[in-house]
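Architecture and fold: a report
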Amino acid sequence: MINRILTKGDVEVQNIKLGDIQYEFGYGFGIKSAVIELPSKDEEGYWSWKNKTNSGKIIDYGVREGFSHR
């Protein structure tokens, strides 16, 4: 059985696809970005991927297995 690795927004990392739109909210702000690099897992169980905002800013995301948000 594959463990579900979830972001804080309950997105299952293994199901993220190129072009997916992700929203992040906190401290009175909101960020909308699109996935530009698919999630990949390193040998230590750290999943990482990249998104890009409409203004061109690149955001690095990551979740460690065993410490996902669910």
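Heads up: the structure comes first, above all this text.
The text that follows walks through the structure, step by step, so that each part is easy to find. (Residues numbered from 1 in each chain as written. Predicted model: local features only at pLDDT ≥ 70, side-chain atom pairs only at ≥ 80, totals over all residues. Heavy atoms only, no water.)

**Here we look at unusual backbone geometry**
The phi dihedral of D10 falls on the positive side, at around 65°, and the residue is not glycine. Within the secondary structure, D10 sits in the segment before β1 (21-26). A positive phi angle, near 55°, is found at Y27, a position not held by glycine. Within the secondary structure, Y27 sits in the loop between β1 and β2 (29-41). (Helix = DSSP H or I, 4+ residues; strand = E, 2+ residues; numbered from the N terminus.)

**Here we look at the pairing of strand β3 (residues 46-53)**
Remark: a regular strand shows side chains that alternate across the two faces of the sheet. Here β3 shows one buried face, formed by W47, W49, N51 and T53, and one open face, formed by Y46, S48, K50 and K52. Summarising the sheet, β2 and β3 pair through 6 bridges and their orientation is antiparallel. Looking at β3, one finds that V35 is bridged to N51. Connecting β2 to the antiparallel partner β3 that follows it, the hairpin turn spans 4 residues, and G45 within it adopts a positive phi of roughly 85°. With 7 bridges joining them, β3 and strand β4 (residues 58-64) adopt antiparallel strand pairing. Paired with W49 across the two strands is Y61, which belongs to β4. Turn length for the β3-β4 hairpin, with the two strands adjacent in sequence and antiparallel, is 4 residues, and the turn residue G56 shows positive phi of about 95°. (Buried < 20%, exposed > 50% of the residue type's maximum accessible area, 1.4 Å probe, protein only. Pairing = 2+ DSSP bridges.)

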